[in-house]
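Summary of the model geometry
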Amino acid sequence: MYETVGIVGLGLLGGSLAKAFKNRIGVKKIVASNRNEDVLKLALADGVIDEGTTAIDKKFSDCDIVFICTPVDYIYPSATELSKYVKKGCILTDVGSTKGNIYKNMLNLSDKVYFIGGHPMTGSEKFRYTASKEHLFENAYYIVAPSDNVPEEETEKFKSALKTIGALPVEVSPFEHDYIVASISHVPHIIASCLVNNVKRLDGKNQRMQMLAAGGFKDITRIASSSPEMWEGICTENKKEILKVLESYENTIHEFKSRIEAEDKKGIYSLLNEAKTYRDNFSNNTPGLITKRFEIVVDVLDRPGSIAVIAVLLSSNGVNIKNIGIVNSREEDAPLFISFASEEDREKSVRLLRGHNYDVHIK
């Protein structure tokens, strides 16, 4: 497959790709560049990479493929720099959340490298190397958008590598990609940030809103904790499509506001029901842009040792608990929240807990 892999930018995605290619494909050598030398030292100590550099240089000259895992506005400059060192026929790919502008810019390098645009539809609000994990791409769609000069066999080879690390490659045009992600990722992120900023401005000195915010509010605004640097680049790179989708969203908000002002109960119900029906048709098993989470809530009494008993029960039966804690708002079904690394662990935990007469709800 690939013997030597290069990675530019060892954040969440770059680090996860390094771990996946090292452990699941068994590449002989991984070369990485990162502006923070401490991250390189950590990745070297982990055995995730074999060589590190703080600049793009001749260390990349033997790479069969290089993943550019930088904010989107640094992707083309990084590719230009790489083209000075990589061998002929080397594949350059990225993980950027926009594709159109990058695709057009990469035409300037078509006589030097093969470029296959990429976008793994997975991630987290955590974006540093320390959050990276080998299984990040499992069952996640991975957009593949090859340039016209890329031989079909190279694209198929790339897809095969993605399948080996657990991803589900989907080939689309770069421009169709940008319209889709503007609708289901970029604008939702902007909306989440707007919701948080709105509550911040409405909150009083006692910050009661911040203290009581839980449940639904935390769920729909979780992505607002993502990297501002990364999202600044996305907003400017995909400006045209984002503005188009935002205009549509403004019209939707205006329609809802008008029906509330008119006390149009049937109209309000109609909009809510339309959204519910469409949302209910989303498959729970379909991977999306936001990391798939496997969660339950458990109704327990607030007594010393309650959490410990459940944690011991699950861990002693081989269940991997990703997160556990008390929810301080009864808008949730129950006060104890538990998340897992996989659907299998969640299903097993539900059987175990219900077998011990706990009231369990799947989120």
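Let me sum up the structure you'll find in this document.

Quick notes on the rules
- Residues numbered from 1 in each chain as written.
- Predicted model: local features only at pLDDT ≥ 70, side-chain atom pairs only at ≥ 80, totals over all residues.
- Heavy atoms only, no water.
- Helix = DSSP H or I, 4+ residues; strand = E, 2+ residues; numbered from the N terminus.
- Buried < 20%, exposed > 50% of the residue type's maximum accessible area, 1.4 Å probe, protein only.
- Core = buried A, V, L, I, M, F, W, Y, C linked by side-chain atoms within 4.5 Å.
- Contact = heavy atoms within 4.5 Å.
- Pairing = 2+ DSSP bridges.
- Axes fitted to C-alpha atoms, helices over the stretch in contact; angles between N-to-C directions.
- Expected span 1.5 Å × (residues − 1).
- Arc of directions from axis to C-beta.
- Phe/Tyr/Trp six-rings, centres within 6.5 Å; stacked < 30°, edge-to-face > 60°.
- Lys NZ or Arg CZ within 6 Å of the ring centre and 35° of its normal.
- Polar contact = N/O pair within 3.5 Å; in protein donor to acceptor, adjacent residues only side chain to side chain.

Leaving glycine aside, a negative phi is the common case for residues, and trans is the common case for peptide bonds. We note that Gln207 has phi near 55°; this positive angle belongs to a residue other than glycine. In this fold, Gln207 is placed in the loop between helix H6 (174-202) and helix H7 (208-212). Accessibility expressed as a relative area gives 43% for Gln207, which makes it partly exposed. One non-glycine residue, Asn357, lies in the positive phi region at around 70°. Here Asn357 shows up in the loop between helix H13 (343-355) and strand S12 (359-362). On the basis of relative accessibility, which here comes to 73%, the residue Asn357 falls in the exposed class.

Here the focus is the nonpolar core. Core analysis: the biggest nonpolar cluster contains 35 residues, and Ile7, Leu10, Leu17, Phe21, Phe67 and Tyr142 have the highest contact counts within it. The element contributing the most residues to this core is helix H1 (residues 12-25), with 6 residues. Sequence-distant contacts of Phe21, that is, excluding residues within four places in its chain, are made with Tyr2, Val5, Gly26, Val27, Ile30, Phe67, Ala161 and Ile165.

In space, the 4 strands of this open sheet follow the order S10-S11-S9-S12, with antiparallel pairing throughout. This sheet does not close on itself; its edge strands, each paired only once, are strand S10 (321-326) and S12. When the angles between neighbouring strand axes are averaged without regard to direction, this sheet yields 20°. Bridge count for S10 against strand S11 (residues 336-340) is 5 bridges, and the pairing is antiparallel. Following the sheet pairing, Asn323 is matched in S11 by Ser339. Against the sheet, helix H12 (residues 306-316) makes contact with strand S9 (294-299), S10 and S11, and its axis sits at roughly 25° relative to S11, the strand it touches most. Those strands touched by H13 are S9, S11 and S12, and its axis lies near 15° from that of S9.

A few words now on helix H5 (residues 152-164). Along an α-helix, a turn takes 3.6 residues, which lines up residues three or four apart on a common side. The first and last C-alpha atoms of H5 sit 18 Å apart over 13 residues, in line with the 18 Å expected at 1.5 Å per residue. Those residues of H5 lying buried are Thr155, Phe158, Lys159, Ala161 and Leu162. Taken around the axis of H5, the buried residues stretch over an arc of 155°, which confines them to a single face. Exposed and facing more than 90 degrees away from the buried side of H5 are Glu152, Glu153 and Lys163. Packed against the buried residues of H5 are H1, strand S4 (65-68), strand S5 (91-94), strand S6 (114-120), strand S7 (141-146) and strand S8 (168-171).

Pairing within the open sheet is mixed, and its 8 strands lie in the order S3-S2-S1-S4-S5-S6-S7-S8. With partners counted over all chains shown, the strands left at the sheet margins are strand S3 (51-53) and S8, one partner each. The average undirected angle you get between the axes of adjacent strands in this sheet is 20°. Of the pairings in the sheet, the one linking S6 to S7 comprises 5 bridges and is antiparallel in character. The residue of S7 that forms the bridge with Gly118 is Val144.

What the rule picks out here adds up to 5 aromatic pairs. Geometrically, the ring pair formed by Phe137 and Tyr142 is tilted, given 6.3 Å between the ring centres and 45° between the ring planes. With a relative accessible area of 1%, Tyr142 lands in the buried category. In textbook terms, an aromatic cluster arises when at least three aromatic residues are bridged by ring pairs, as seen for Phe21, Phe67, Phe137, Tyr142 and Phe158. Of note, Lys19 hangs over the ring of Tyr129, and the distance from its end group to the ring centre comes to 5.0 Å.

Attention now moves to helix H2 (residues 37-46). Taken together, the buried positions of H2 are Val39, Leu40 and Ala43. End-on view of H2: buried residues confined to an arc of 100°, all on one side of the axis. Facing away from the buried surface of H2 by more than 90 degrees, the exposed residues are Asp38, Lys41 and Ala45. On the buried face of H2, the contacting elements are strand S2 (29-33) and S3. One side-chain oxygen at the N-terminal end of H2 lies 2.9 Å from the backbone nitrogen of Asp38; it belongs to Asn36. Note on H2: the residue one or two positions beyond its end, Gly47, has a positive phi of about 75°.

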